[in-house]
Amino acid sequence: MSPGARRATGLVLVGLVLAVTCTLLGRWQWNRHVWRSGAIEVVQANWTADPVALGTVLDAPGTPLTDADVWRRVTVVGHYEPDGTVLLRNRPVDGTPAYHVLVPFVVEDASAGSGPTQQGSVLVVDRGWVELGADGSVDVTPPAPPAGTVTLTARLRHDEQASDRTAPPGQVHAISADQVLAAGGRGGAPTYDAYVAMTAEDPPASVIPGPLPAPSTDPGSHLSYAFQWWTFALGGLVAFCLGARRELQDERAADEGAEPGPTPPPVTADGVELWPTRDTPRPRRAPSAPDVPRRRGGRDEDAEDALIDAQLAEPAGRDER
């Protein structure tokens, strides 16, 4: 394989690798766009839906919460245990540093009125947020929840993965039901594989934490990023293929200039070249001989020389007389 062909092959291979990589990255962004669009559809469908009894969605503690039920409003009757209140760290609200107030809620009835169900189960409730204290650690006293039996209306959320980061006493880094209950001294109670974000309480508390913001429905830039990656894939492949083609053309041109083809014979007639061209080789002229005096021959020349000789001899004869 010639050097030019090797370079061209290398360019094509690089173009293929670049095209495949950009195509996969575009596919990844497309999948993120599809997932995000599905999540937005769930929010839009569940955000304004009427609340239902908790037992119609989660029929028992430990029942996994499906993606289709996230942000769905549910109602449940029970009472708070304010002694088990825990603060969630590092969870800003609309860009404002804040603590989320997490309080255990003991279920007394999760049914729709057909009889008490799931009594004694503990549900973690995010009641809202409060501002940080002076040193951002322990000097925060959140508003107390309402006492006695409460009818809670809240939105279902997926349980978060437990964090392995160390937190001060009474605080956590993630809303993991088991971790929150353990931090509040309520570990071992039957709980749900989910938590809820409070929207209303009956009777209401005299002071409530700041309301939690609505989820974002911005689809993001995943779709435009996908098309950008696919454009890079096509453009890069075309560019490297054109570069490979140029390498082959340059090598071919160099070979033709170094080894010209045979010159066609000239067109002649009776040995004389017709229509000479600029490329027709010209015979070299022989160097001219030096000028050598020579005697012109012939009869007329001899007679002229004899006459000149006679004229030159005549004055010499007159002097002798």
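Nothing here was measured: the structure is a model prediction, and the numbers come from that model.

Draft legend 1. Local environment of the overall build of the protein chain. Scanning the protein chain from terminus to terminus reveals five helices and ten strands. Each of the 321 residues in the protein chain was classed as buried or not, and the buried ones make up 30%. Contacts spanning at least 24 positions in sequence make up 72% of the contacts within the protein chain whose residues lie at least 6 apart. Per element, the accessible surface of the protein chain, about 20800 Å² overall, is 56% carbon and sulfur.

Draft legend 2. Quick look at the pairing of strand β2 (residues 73-80). Pairing of strand β1 (residues 52-53) with β2, which is carried by two bridges, proceeds in the parallel orientation. The partner of alanine 53 across the bridge, within β2, is threonine 75. Bridge analysis of β2 against strand β6 (residues 150-158) gives six bridges, and the strand direction is antiparallel. Residue pairing in the sheet places glycine 78 in a bridge with valine 150 of β6.

Draft legend 3. Expanded view of the side chain of histidine 33. With respect to the helices and strands, the residue histidine 33 is situated in helix α1 (residues 3-47). When near neighbours in sequence (up to four residues on either side) are disregarded, histidine 33 contacts His222 and Leu223.

Draft legend 4. Representation of a nonpolar patch on the surface in the model. On the surface, Trp30, Val34, Leu223 and Phe227 cluster together into a nonpolar patch covering about 340 Å² of accessible area. Its place among the elements puts leucine 223 in helix α4 (residues 222-258).

Draft legend 5. Molecular detail of the pairing of strand β5 (residues 122-131). Of all ten residues making up β5, eight are buried, and the element is well covered by its neighbours. Bridge count for strand β4 (residues 98-109) against β5 is eight bridges, and the pairing is antiparallel. Along β5, the bridge assignment pairs tyrosine 99 with valine 130. Two elements, β5 and strand β8 (residues 194-202), share two bridges in a ladder whose sense is parallel. Bridge pairing links aspartate 126 to alanine 197 in β8.

Draft legend 6. Region of the structure containing the packing of aromatic side chains. On inspection of all chains with the given rule, the structure shows five aromatic pairs. The interplanar angle of 75° and the centroid separation of 5.0 Å between the aromatic rings of tyrosine 80 and phenylalanine 105 together place this pair among those described as edge-to-face. Taken as a pair, tyrosine 80 in strand β2 and phenylalanine 105 in strand β4 lie far apart in primary sequence, 25 residues in all. No difference in accessibility class separates tyrosine 80 from phenylalanine 105, as the two residues are buried. Taken together through their ring pairs, the aromatic side chains of Trp30, Phe227 and Trp230 make up a single cluster. Between the NZ or CZ atom of arginine 127 and the centre of the ring of tyrosine 80, over which it lies, the distance is 5.5 Å. Sitting over the face of the ring of tryptophan 47, arginine 155 holds its NZ or CZ atom 3.6 Å from the ring centroid.

Draft legend 7. Molecular detail of the environment of alanine 8. Tracing the chain through its elements places alanine 8 in helix α1. You can call alanine 8 buried: its relative accessible area is 5%. For the pair alanine 8 and glutamate 247, spaced 239 residues apart in the sequence, the C-alpha separation amounts to 5.9 Å.

Draft legend 8. Region of the structure containing the nonpolar core. Ranked by size, the top nonpolar core spans 29 residues in total, and within it Leu54, Leu58, Val76, Phe105, Leu123, Leu152 and Leu156 carry the most contacts. Taken together, the elements giving at least two residues each to this core come down to α2 (54-57), β2, β4, β5, β6 and β8. Those residues in contact with leucine 156 that lie beyond four places of it in its chain are Leu54, Val57, Leu58, Leu65, Asp69, Val70, Trp71, Arg72, Val74, Tyr195 and Val196. In terms of nonpolar packing, the next biggest core, distinct from the first, is built from twelve residues, Leu88, Val106, Val122 and Tyr195 among them.

Draft legend 9. Local environment of the environment of proline 3. Topologically, proline 3 is positioned in helix α1. A C-alpha to C-alpha distance of 8.4 Å links proline 3 and glutamate 251, two positions 248 residues apart in sequence.

Draft legend 10. Region of interest: the environment of threonine 141. Tracing the backbone shows threonine 141 in the loop between β5 and β6. Each C-alpha atom, one on threonine 141 and one on valine 101, is 9.8 Å from the other, the two residues being 40 residues apart in sequence.

Draft legend 11. Up close: unusual backbone geometry. In this chain, aspartate 202 is followed by proline 203 through a cis amide linkage whose omega measures 5°. If you trace the backbone, proline 203 turns up in the loop between β8 and α4. Despite not being glycine, tryptophan 71 has its phi angle at roughly 70°, a positive value.

Rules and cut-offs
Residues numbered from 1 in each chain as written. Predicted model: local features only at pLDDT ≥ 70, side-chain atom pairs only at ≥ 80, totals over all residues. Heavy atoms only, no water. Helix = DSSP H or I, 4+ residues; strand = E, 2+ residues; numbered from the N terminus. Buried < 20%, exposed > 50% of the residue type's maximum accessible area, 1.4 Å probe, protein only. Contact = heavy atoms within 4.5 Å. Areas by Shrake-Rupley, 256 points an atom, 1.4 Å probe, with all protein chains shown as cover. Pairing = 2+ DSSP bridges. Patch = residues over 30% accessible without salt bridge, like charges linked within 9 Å, V, L, I, M, F, W, Y side chains within 5 Å. Salt bridge = Lys/Arg side-chain N within 4 Å of Asp/Glu carboxyl O. Phe/Tyr/Trp six-rings, centres within 6.5 Å; stacked < 30°, edge-to-face > 60°. Lys NZ or Arg CZ within 6 Å of the ring centre and 35° of its normal. Core = buried A, V, L, I, M, F, W, Y, C linked by side-chain atoms within 4.5 Å.

Function cannot be read off these values alone, since they describe shape.
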